[in-house]
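Structure assessment
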Amino acid sequence: MIEYGGKSVYGGIAVGKIHLMSKSEQQIVKYSIENGDDETERFEAAKKEAGNQLAELYDKAKKEVGEANAAIFEIHQMMLDDDDYLDSIKNIISEQHVNAEYAVGVTADNFSEMFSSMDDAYMKERAADVKDISERIIRILTGADTEKNTSDEPVIILADDLAPSETVQLDKNLVLSFVTVHGSTNSHTAILARTMNIPALIGVNIELSEELEGKMAVVDGFDGIIYIEPDEETLIKMRKRKDDETEKQKLLQELKGKENITKDGKSVLVYANIGNVKDLAYVLKNDAGGIGLFRSEFIYLENKTYPTENEQFQIYKKAAETMAGKRVIIRTLDIGADKQADYFNLDKEENPAMGLRAIRICLTRPEVFKTQLRAIYRASKYGKLAVMYPMITSLEEVKKIKAISSEVKAELDEKNIPYNNIEEGIMIETPAAVMISDMLAKEVDFFSIGTNDLSQYTMAVDRQNPKLDEFFNPHHEAVLRMIEMVCRNAHKENIWVGICGELGADLELTERFLEMGVDELSVSPSYVLPLRNKIRNLDLSK
Amino acid sequence: MKEFKYVVTDPEGIHARPAGEFVKAASKFSSDVKLTKDGKTVSAKKIFGVMGLAVKQGQELTITIEGPDEDTASAELEEFLKNNL
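Residues numbered from 1 in each chain as written. Chains lettered and ligands numbered in written order. Predicted model: local features only at pLDDT ≥ 70, side-chain atom pairs only at ≥ 80, totals over all residues. Heavy atoms only, no water.

**Topic: the overall build of chain A**
Summing up its helical and strand segments, chain A has 20 helices and 16 strands in all. If you line up chain A on its principal axes, its C-alpha atoms span 95 × 60 × 45 Å. Relative to its 542 residues, chain A shows a buried fraction of 52%. Across chain A, every contact between residues at least 6 apart in sequence was considered, and the portion connecting residues at least 24 apart equals 67%. Of the accessible surface of chain A, which amounts to about 25300 Å², a share of 47% is contributed by carbon and sulfur atoms. (Helix = DSSP H or I, 4+ residues; strand = E, 2+ residues; numbered from the N terminus. Buried < 20%, exposed > 50% of the residue type's maximum accessible area, 1.4 Å probe, protein only. Contact = heavy atoms within 4.5 Å. Areas by Shrake-Rupley, 256 points an atom, 1.4 Å probe, with all protein chains shown as cover.)

Here's what the structure looks like:
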């Protein structure tokens, strides 16, 4: 067994034989021609045929992968009709008295060079598009076989790189996976792989020797590895993973669009927790009803200095738009304790879990806080946002926060910047907040219970100390009673209450939470479907 | 001659697909449509030219239109940019 690593552009497992797709290196022969007009005519005919082929590919791609992904073939047609491109070819033919193939080849090199030299990863990729259309014309001119035959059984396609026109010509039923030596995450192969739901790896440093043809392989699109001639153990492990994935897909098909309702009619919202905008795709893929916890820290942790209002606005806007009207609850920054960003210049603390963190930083550095709130409010116009504040321990804190958010809104009003009056909630993650949840409930629109911190503060067990594992009981009755109390107090004031900590995904507790009246459970995207399945099979009346 | 300026707000800038759509929109008119960025001017009717500008978010474009239908072209293209880029 030999394994090669690469960059995964789409997850999934594929098991099958390798099929090498080598680009038939087109050797362009240069020769002199007598009559430039005849040669130009020959070129025009080939160009016309190329246009027809692209139009067909566009229709095929539109049916198979949707209009947005098919658009590239429309762009290819435009490139084919671009005067600069055509004039260059025709000039070379008439001035240098050379054959059309050579003129197209030289022009392709010049134009793709223009893109390759651009200081922009996406534009660099477009060099491949120019080469793709030019090679098509050359193939037509030379009468080369355009058929890219794959075998008649499904295979893992292994290639140096694939042009969009090559991927679309493949029979999709016979492709298990794409693995390429080159290519980028912006390449059309990557985009098409995602649309086709098949695992794909790029940047795999493998020598494409003929010996690989027909060999058994496994592509692990989750970890970005291809195993050639896998051993029994790997094969079993990967097959199991593939089955789990299939099971998940089946669950998804069953649950998609259905309500999360128990057999006796109790309904509950199931949302997802995310720690980066990159996770939005997983949220949609797992059909979550919204985002119950958007950990905004990543914006701060990934930066070398305080992120600007605009940077943050773009991120929140993207989340709001992507979720298209589903609720997105943004938790304001929870820096401190185990999450440190150097530019915050926080002192080293003896007891960071109980130190200057989260809302305490926001209240001592209101400018940082206001920047974030302004960005959130501005983005509120683009979807259904809500905001929640972490580490609350007192009523005074909530009142201070509300005063600051009113200031932010007044400033936006003054500048005529539109925003929505979004829901404002708090995290209940300290025993203090639990005990005064009746008072807090009068001040806010919702509660979200952070069970990780609540458990550690309640049991006085540091969760980062593995030696304390035996003293940590995730199902401790004290914590469960606290959750029950919070639910009661929330409902008395007619506000809703959710759980966004790890306990929310604990299927052994789902029934108990529902009995307590928890309105929303927010879990990692991968837990959404199992949890929804669990809820639909519960009967609280029994 | 009509002229207006536009600052691109799309986070991805004018990449392939919108460039194609813009070229399509500009080609509907018989007027000459030109795009200028940082002193470099290209025809808005040619895909290589438009993509070659590599316009990114926050960059300012000057659009110049000259010809018989310049008024409608100017209005429609400004609308197009606002809605798409």
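**Some details on the interface of chain A and chain B**
Tallying the contact residues gives 21 residues for chain A and 17 residues for chain B. Summing both sides of the interface, chain A and chain B together bury roughly 1600 Å²; the carbon and sulfur share of this comes to 71%. Summed over the three residues of chain A that lose the most area to chain B, namely A:Ile75, A:Met78 and A:Met123, the buried surface amounts to 29% of that side. Summed over the shared surface of chain A and chain B, the result is two salt bridges. (Buried area = accessible area lost by both parts, 1.4 Å probe. Salt bridge = Lys/Arg side-chain N within 4 Å of Asp/Glu carboxyl O.)

**Some points on the domain arrangement of chain A**
Splitting chain A by domain gives domain 1 (25-142) and domain 2 (266-536). Summarising the inter-unit geometry, the C-alpha centres of domain 1 of chain A and domain 2 of chain A are found 53 Å apart. (Domains from an automatic or database assignment.)

**Thoughts on the state of the cysteines**
Residues and elements named next belong to chain A. Applying the stated criterion across every chain, the model contains zero disulfides over all chains. There is no disulfide at Cys 487, and the cysteine sulfur nearest it, in Cys 500, is 13 Å away. Its relative accessible area of 0% is what places Cys 487 among the buried residues. When its relative accessible area of 4% is taken as the criterion, Cys 500 is described as buried. (Disulfide = S-S within 2.5 Å.)

**Concerning the pattern of salt bridges**
Residue and element names in this part refer to chain A. Per the stated rule, a full pass over the model turns up 32 salt bridges over all chains. When the shortest N-O distance is used, the salt bridge between Asp 223 and Arg 241 registers 3.2 Å. Note that Asp 223 is positioned in the loop between β7 (216-220) and β8 (225-228) and Arg 241 in helix α8 (residues 232-255), a separation of 18 residues in sequence. Residue classification places Asp 223 among the partly exposed residues on the basis of a relative accessible area of 48%. It is possible to trace a salt-bridge network through shared partners that takes in Glu 297, Arg 331, Asp 334, Lys 339, Arg 357 and Asp 453.

**Structural notes on the pairing of strand β16 (residues 520-523) of chain A**
Residues and elements named next belong to chain A. Side chains of β16 alternate between two faces, with Glu 520 and Ser 522 and Leu 521 and Val 523 buried alike. Relative to β16, strand β9 (residues 269-274) runs parallel, the two sharing four bridges. By the bridge assignment, Val 270 is partnered in β16 with Leu 521. Direction of pairing for strand β15 (residues 496-499) relative to β16: parallel, over a ladder of two bridges. Note that in β16 the partner of Ile 499 across the bridge is Leu 521. Note that the unit made of β15, helix α19 (residues 510-516) and β16 has a crossover that is right-handed. (Pairing = 2+ DSSP bridges. Right-handed = clockwise from strand over helix to strand, strands pointing away.)

**So, the sheet that holds β8(A)**
Pairing between the strands of a sheet is mediated by backbone hydrogen bonds and can be parallel or antiparallel. Residue and element names in this part refer to chain A. On the basis of which strands lie adjacent, the open sheet formed by eight strands has the order β1-β8-β7-β3-β4-β5-β6-β2 and mixed pairing. Two strands bound the open sheet, and with one partner strand each, they are β1 (2-5) and β2 (7-10). The mean angle between the axes of side-by-side strands here comes to 30 degrees, regardless of whether they run parallel or antiparallel. Of the strand pairs in this sheet, strand β4 (residues 155-159) and strand β5 (residues 175-180) are connected by five bridges, and their pairing is parallel. Residue pairing in the sheet places Ile 157 in a bridge with Phe 178 of β5. Relative to strand β3 (residues 13-21), α8 is tilted by about 110 degrees, and along the sheet it contacts β3, β7 and β8. (Axes fitted to C-alpha atoms, helices over the stretch in contact; angles between N-to-C directions.)

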